[in-house]
Amino acid sequence: MKKAFLTVAALIGAISLVGCSTNDSSISNGGDSGNQTDSGNPNTGNNGDSSNTDGSEEKAGNAIVVYFSATGNTERVAQTIAGHIDSAIYELEPVDPYTSADLNYGNQSSRVVEEHNRILAGEDVNIELVDVDFEEFADADYVFLGAPVWWQELSWVIEDFVASNDFSNKTIIPFGTSASSGYTLGNLTPLTEDDENVTWLDPQRFRSSVSDNDVIEWVDGLEI
Ligand SMILES: Cc1cc2nc3c(=O)[nH]c(=O)nc-3n(C[C@H](O)[C@H](O)[C@H](O)COP(=O)(O)O)c2cc1C
């Protein structure tokens with residue numbers, strides 16, 4: 001009898017554990033936080049498993065991903081983040097896009113070297129973007145902001161977006177990809193000085209060929 005009772009109690013316990021999965025992150029992730037091997041389709045910004053058990057869509061309405069990428073590495077990371085949290089994703093595109101010749105920092109007369117030299121000389125190099133005004137920005141509490149590392153800072157291409165928007169009461173989560181070095185936020189944080197209650201999380205750097213799983217692990221580990 002005692003054995004039968006224990007078996008029934010164990011069964012009830014197991015059933016209630018199955019029906020009670022927890023997700024204490026304030027950014028929802030399509031109910032898929034525990035499955036880091038689900039590759040889904042990052043190009044769609046959807047991890048392919050965003051339904052709740054009642055069939056409704058669970059969306060991270062309070063987070064967006066905004067990025068610039070010159071050669072695709074940061075774009076891949078951005079898409080992995082957005083796919084994992086099922087958020088809106090926006091690409092920052094220069095009106096005058098960078099060609100591979102423009103990006104050749106080994107050439108002293110290339111566009112990036114010339115722009116960098118102007119920055120070092122104290123000039124304001126403003127790269128005009130196709131769009132800096134994104135529909136879901138106003139409601140976002142968290143803005144994942146990504147770019148390639150250029151000379152130990154996130155590329156100046158994203159400065160126009162940061163300067164043009166009001167980040168009051170938002171948390172900015174910077175991420176960058178680079179060949180080897182880290183970066184500082186020195187070119188970006190002054191641009192939000194006039195906004196109220198802005199939080200910049202620590203710079204997150206990924207290697208250029210970072211795996212999707214490493215990116216997802218970082219997102220899941222954020223205390224947000
Ligand atoms: C102009 C320029 C400057 C760069 N500066 C750095 C740097 O300071 N440190 C580094 O590790 N990699 C540097 N890189 C390499 C890029 O950060 C790296 O390839 C990055 O993943 C590119 O991202 P993307 O494909 O999104 O453009 C630089 C690349 C370019 C084009």
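Above this note sits the structure.
What counts, and where the lines are drawn
Residues numbered from 1 in each chain as written. Predicted model: local features only at pLDDT ≥ 70, side-chain atom pairs only at ≥ 80, totals over all residues. Near = placed C-beta within 6 Å. Helix = DSSP H or I, 4+ residues; strand = E, 2+ residues; numbered from the N terminus. Nonpolar A, V, L, I, M, F, W, Y, C, P; charged D, E, K, R; others polar. Buried ≥ 20, exposed ≤ 12 C-beta atoms within 10 Å, placed from the backbone. Contact = placed C-beta atoms within 7 Å.

Side note on the site of the ligand
Around the ligand, the surrounding shell holds 21 residues, and the nearest of these are S69, T71, N73, T74 and P148. At the level of secondary structure, the elements contributing two or more residues to the shell around the ligand comprise α2 (73–85), β3 (142–150) and β5 (171–178). When the residues that make up the shell around the ligand are grouped by side-chain class, the tally is nine nonpolar, 11 polar and one charged.

Side note on the environment of Q204
Residue placement: Q204 occurs in strand β7 (residues 204–207). The exposure class assigned to Q204 is partly exposed, which follows from the 19 C-beta atoms found within 10 Å. For the pair Q204 and G182, spaced 22 residues apart in sequence, the C-alpha separation works out to 8.3 Å. Excluding anything up to four places from it in sequence, Q204 contacts P174, F175 and W218.

Things to note about the environment of L222
With respect to the secondary-structure elements, L222 resides in the segment after α5 (212–221). Take L222: there are 16 C-beta atoms within 10 Å of it, and that puts it in the partly exposed class. Along the sequence, L222 and I173 sit 49 residues apart, while their C-alpha atoms lie 9.5 Å from each other.

Quick look at unusual backbone geometry
In this structure, W151 takes a positive phi of about 50 degrees despite not being glycine. Along the chain, W151 falls in the loop between β3 and β4 (153–154). The class for W151 is partly exposed, based on 15 C-beta atoms found within 10 Å. Even without a glycine there, the phi angle at Q152 is positive, about 60 degrees. Within the fold, Q152 resides in the loop between β3 and β4.

That is the geometry; function is a separate question.
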